[in-house]
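Breakdown of the fold
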Amino acid sequence: KLARIEEEQEEEAEAEGALIELSDPDDETLHLPGSEFQAVKEEEEEEEDTKNLFFDCCLDELESMQNGKLAKEPSENKIARVENVISKFKSLCFEPQISIPDVFIWIMSGTNRIAYTRIPIHEIIYTENKRGRGRSCGKTGSYFLKKPRKEKIGAHLSLNIWFGKFEHVANAFKTPSGSEVTVYAETYENEMSVMGSWTTKLLPRPKFSDITGKYEIPKDSFAPPAGWRFDGDWIISVDKAISFDNEQGLTVFRETVFEGQTRKPGAQWTASSTETWWQDERGDDSPPMDEIQCKEGWQWTTDWILDIKRAVDSKGYEYADEADLGSYGPVERNYHLARRRLWERVRERTAAETKDKEEDRDPEGWEYSKLFTTKFHVKEKTFDMVRRRRWNRKLVSDVPVPITFTVYKDLDDKDKDDAETFNMAPRVMTEFPANNVRKYQLRAYLYQARGLLGADPSGYSDPYARVVFGNRSGLTAVINQTCSPMWDTSIVLDNIEICGDKDDLAANPPFIVIEVFDEDTLSHDKLGRVVCKPTMISAPYNLESGTKLQWYEVSGVKKSKGELLAAFELYEIGGSELPPLPRSDGTKLVVPDNIRPKLARTRVEFLAWGLRELADFKLQSVDSPHLEIEVGGETLVMEKIKSVKKHANFTNPQNFLDVMLPVEELYLPPINIRVLDNRSFGYTPLIGMCSVKEYGQYRTSYQALMELAEHMETLKRNAAKEMNLEDPTTESTTELSITEREGSVSPVEKEMPTVEAGEVSQVEAVVLEVGEPDAVEKKQKSLQISKSQSTEHLIDNDELGEIPDDELDKGIPMVVIRSSDHKSSFSPTSGDKKPEEAPAVKPDEEPAKPATKKEIRQQHKEEATKAANPDDVLVSDWWSKYYECVGNDPKLKRLFKERDLPRIKMYERELEKEFDFNDVMQNIPIMKPDNDISDDDSSSDEEDEDREARHRVGYFKGSLKIYEITDEMFNDAVKKQPKLLFSNLPTNQSKDVLIRVYVAAAIGLTPLDFGGSVDPYLEVKCGRTTISDKEKYLTKDVNPIFGRVFQIRAKLPRDSKLTVKVYDHDLIGANDLIGATTVDVEDRFLSWRRASCGVSQKYIKTRSSKDRWRDSLKPVDLLKRMCLLKGWTSPQYRRDANGLKVVVGGEVYHLEKKKGPMQLDQSAETPAIKPASERNMLALQVLHESGVTPEHIETRTLYNDDCPGIPQGKLHMWIDIFPYNDSIPAPIVITPRQPEKYTLRIIIYNTMDVILDETNLMGEEMSDIYVRTYLEGRKKDRQETDVHYRSLTGEGNFNWRMVYPLDFIIQENKMVQTKKGKFWHIEKTVMKVDPILHLEVFDKDVLSRDDKLGWAQLDLTRVPAPTKSAAECSLEVYENEDKYPRMSLFEKKKILGFWPVYDDTLGTRELTGKVEMEIEILTEEELAERPAGKAREEPNLNPTLEPPNRPETSFNWFTNPWKVFKILIWRRYKWHIIIGLIIILLIIFVVLMAYTAPEAINQAIYSG
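Here the structure is a predicted model, which means the values were calculated and not measured.

A count of helices and strands for the protein gives 23 helices and 68 strands. By the burial criterion, 47% of the 1504 residues in the protein qualify as buried. Nonlocal contacts in the protein, meaning residues at least 24 apart in sequence, comprise 68% of its contacts between residues at least 6 apart. As displayed, the protein offers around 79,500 Å² of accessible surface, 50% of which is attributable to carbon and sulfur atoms.

Counting 44 residues, the largest nonpolar core has Leu1240, Ile1242, Ile1244, Trp1395, Met1413 and Ile1415 as the members making the most contacts within it. Counting 35 residues, the second-largest nonpolar core is a separate cluster that includes Ile995, Val997, Cys1022 and Ile1027.

What follows is about a nonpolar patch on the surface. A surface patch of nonpolar side chains, amounting to about 520 Å² of accessible area, comprises Trp1471, Ile1475, Ile1479, Ile1483 and Val1487. Relative to the helices and strands, Ile1483 resides in helix H23 (residues 1457-1503).

Here we come to the environment of Met385. The topology assignment puts Met385 in the loop between strand S17 (367-369) and strand S18 (386-396). For Met385, a relative accessible area of 37% puts it in the partly exposed group. For the pair Met385 and Gly196, spaced 189 residues apart in sequence, the C-alpha separation works out to 9.0 Å. Apart from residues no more than four positions distant in its own chain, Met385 is found in contact with Met192, Ser193, Trp198, Ser369 and Lys370.

Take unusual backbone geometry next. Residue Pro1053 is reached from Leu1052 by a cis peptide bond, and omega for that bond is 10 degrees. Relative to the helices and strands, Pro1053 is located in the loop between strand S47 (1041-1052) and strand S48 (1057-1064). Of note, the bond from Glu1434 into Pro1435 is cis; its omega dihedral lies within 30 degrees of zero at -5 degrees. Relative to the helices and strands, Pro1435 resides in the loop between helix H22 (1420-1425) and H23. Positive phi is not limited to glycine here, since Asn1309 has a value of about 55 degrees. Looking at the secondary structure, you find Asn1309 in the loop between strand S60 (1292-1305) and strand S61 (1310-1315).

Right, let's talk about the sheet that holds strand S27 (residues 524-532) for a bit. One open sheet accounts for 4 strands, arranged S24-S23-S26-S27; its pairing is antiparallel. Each edge of the open sheet is held by one strand with a lone partner, namely strand S24 (472-475) and S27. The mean inter-strand angle of the sheet, taken between neighbouring strand axes irrespective of direction, is 20 degrees. Both strand S26 (residues 512-519) and S27 contribute to a ladder of 8 bridges, which runs antiparallel. Across the sheet, Val513 pairs through a bridge with Val531, a residue of S27.

Calculation notes
Residues numbered from 1 in each chain as written. Predicted model: local features only at pLDDT ≥ 70, side-chain atom pairs only at ≥ 80, totals over all residues. Heavy atoms only, no water. Helix = DSSP H or I, 4+ residues; strand = E, 2+ residues; numbered from the N terminus. Buried < 20%, exposed > 50% of the residue type's maximum accessible area, 1.4 Å probe, protein only. Contact = heavy atoms within 4.5 Å. Areas by Shrake-Rupley, 256 points an atom, 1.4 Å probe, with all protein chains shown as cover. Core = buried A, V, L, I, M, F, W, Y, C linked by side-chain atoms within 4.5 Å. Patch = residues over 30% accessible without salt bridge, like charges linked within 9 Å, V, L, I, M, F, W, Y side chains within 5 Å. Salt bridge = Lys/Arg side-chain N within 4 Å of Asp/Glu carboxyl O. Pairing = 2+ DSSP bridges. Axes fitted to C-alpha atoms, helices over the stretch in contact; angles between N-to-C directions.

Pasting the structure below:
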């Protein structure tokens, strides 16, 4: 049943081809009764369902990518998603917890383990289902050997391996068609030479043994296993491998011979006192080198050369004590009696390699060696002491079954039944008939490699390649000092014998191994290898075989990298004539013309702008680097930078190379850029390298060059025409001009006078704040700022007048110099200009007369008295734009939409991830040279980004342009400097800029303090300047609202990096760094996207508007700048029937007819906005459609080096960058909203229908009513009315006033409170809470806790309309908003009426009373005009509250006992009391009469 269940699951599973069957469903030992079987079944079904679900998810994701859903995503996201799907599929390919161990194959030398290879078991496992079978099961593959605990070596095994169940073993013997698997019993016969004769005496191993000599295996000790039988007798089998010579399979061989000398003790190394001898590398005697003849089929290519590359002295000698027994060393000693040196000579094969001749072998099949542990050879030599020969006996079986021999020990002394046995594996061979052994010719076309490992200190290598196929190999030439060698070589390997069926070989050809080495003087370093398969080409042969060059990855070494461009063809020899060999260039065969890449003359322009963030090299800073650029075998050396610290840009950034490059993108070599430092004494160490492999983004055409030339010629002609258009209005005070020599864009002042850079831009590093009215004069006096300098620089001086200083009351920012971490002090003025001087104006201009303080205050008062729209305050400042883009306030969004107000674009990640600021030039990382990276470092398992960051030593800032040129252009470039495509660029000289950093808020800061809080503050650093805002730290806030503006004067490119840090302030100890983010200021400043100052949605020139234009250039100037940087002609403005139009970049844009900023609804009392020109509006429209950076807020993630890769929070911020010599606009006011002081007055008049909670002594229901109120978060400041005792009807009379001062932000509808979070906190925390008024009605108790009868919460911004009478008051007030609309107390100012209170402790609201009260909100001015005291205290005004007219029953019984009797008892029981008193008196009278009657009677009797 279990087997059938597994089969059904395999058929239903879509991923069955990726899964591996590891269980044995047919195992007879598997018995699962009852519940155990059901548990296993359910577990397997659940596991299978999980795999199927996972596989379905992978397929769905793959299908979504195929349907084009990734089209709009960035390239890096597409690659990441594809790699993710691939990794998921790979996870299904094998069992993650497989219980079968891997296969290890060891190469032994005697008893030593030389090397091994490890084969994963899932690659060779056999299953009946073909799709679940291991990919290498039963197939011949290449497996590379590895030394223990070291990297892989060059040797590899060609191995056919099979692993499967015992019952499937018959499948292991399925051989290629035409071949036969034979099994042999094997033993070795051993002999030893004693006194010149061969004998078995004194043998260190048995006469017959296995190959290791550990086990004695006589011929008659073998017992055939069950199902097998011997076929024939024992035969001698010679091992063919030992008959191969050293040059077997090689086309080039290095012949070597040792010239040795011996001397007597004390003698000198002279010809008379020494004896000369000659030996080969094995130590055998050899003829002198002059007598060594070249073998047949070979020819000498060099003369005998002395080898001095090894550890030898200057003459090539190495020395030893004895010639045969000593170990040789390079240093001579007096006791050395022998020396030798190595001569070498290279020979090359000229004829096809032939098989070894039978007569070269020993006729008896013996193999000889000095010792059993050394290498054996065929011919007997003088010093051979041992010999052996192999005996084999064939076994056959009708049905192939597993075979293991049983070998008997000591069979001569015992019977087979009593002898000990051990198991031994047989020798299994695949034998092919002669007709299935074919000869092939391999043609390897090695064109080039790229990006190879730089193994030399220069950063380059001297690479050459060796092609290994079967038992043949061939070498390429050595290309010196390059990582991208151009070999252009064809290697032909002839007469390669391959056994097997032709069709099987075509389907699965043997592997080819290409090893790449670096040639050095003393050694050859391995750079890596390539393993691939050739293309089988059968007769009839066609000259156009269709073979194409392909890139193969170079791997195999820990630091291997690079690719090899090659192709491989395998031809069968015989039958048809082979195609002709490739042509020769005189030294080698080159790659055939039909597959080699087509080359074209190409010009590569280099824009080497500069170097950034160079790390120290060998404990010294890099100060004067230069570049070496290599492409296509040509090298260009760039002029060095004199001092990186002063100016990190190259003086002459533009240069070019004309090289021959492939036309097809696939075959292009990389462009290697090497950075070298110029140090003392001519020392130029290699600092780092970078490579450009992808040419796509740098490709351009010759036509672009021609357009540029025409553009430069027509610039001047167009300039005059633009000034004489039908729209003659000249709105810009600046125009952009191009300096052809430097290709720079610079502002040229024209027509209108502009104010010089004011105090805002003259200080080096400041924090900008909003000055309070009382402190403005003091701050100005301390900074010595004149009225004209402290104002904002006018954007349109012809339209706007001067703004007096008192405008600061309305939010114009002031400059405040704060203490910072840098030690420099800067004067607020520059040059010889006095602080009192005003900006120069033209003589014919009359400056506007500034308004006085009195006039401006009167104007403010008049504006305040006007009936304003309540919604105006919600959009009155910059923060309204912020909350509109980050929040979900529907009212705010509606107001922005209805009024068509400019918005801010919120980016949820860094701005550089949203826009490509590398449009002009790119930042290419410079990496450490390969020889400076350790093996362990290069093989780490960390992420590629982390490894790149650790190996990066700097950045190269520049760009490339690659385009084909004609021979005429090439010849002209030799005569004179050609016109290059890199033009219209900003100057690369140092540039003074003013950087403003706006930090609005932080989100999700990592808490570092005890209790999960943080006290954050900001620190900004740019270059050498650091501004710390630690005095303005915020308390206990992980989502702080900073609203800070930092201003720094910087010099580019020196100060190209700006870092914003967030610290946690600590009272004790050092402040902790929460996180930091870094911005590349230079990239934003140079980009045509105007990332230096986001472009607003609308062009509004009114200075008092929060949406005023904040760039130093107008839209028409920005558009002109963009066109110049992109290499386009200047914008051409024209007017037609449809209105104004402009031609930009070959496209025509018309001004859209839509509601603009000039037609805003003036009923809302918004400030008057002056009309913007059509040209500026059209230019602004084109800018936004062209992809410039809009006015924005970017979200930057904070990181900390102590927690790499883990976000520590985010910042909402943006950066503005202005040229320092330009007219700089005032900063945007983003000071956090400050709360306004209000006073809340509550008058509790009466309560009605309050539930009666108690019963008095007389049985009457009553309540002692009082009312309590407090504001949200201020329960400790609660206030209460006096008590209305003994209310029998639920009515209470109070006339009680409560007064609450509060701080309120009307735009956010929040109250601001300051209090300590915990009692141990030293500092108070600022909190924003909703303005909720809590109203509670209580029953006063003396001996117990007061009972809460009802309550209600009133949001002061959404107070439900009260009822005029108690009868109308119900819970419907809170539930029916249509009938009882909500109103804001801050708009209505005063609300009077009845509100219900309720009890909802049981989940539903139950009406428990009604409160008549008046709530009123007053500003500070209104409070001064209309004072009032608490309760009924003085001043009891506005309104005057009289004591409540309460019934006589309302009193405190404890303090008024007589009133208790009069009200509670006498009124109700007076007649009862009177009657009771009369009865008591009568009773007393009767008693007294009865008491006195006897005595009176007695006296009367006696007296009478």
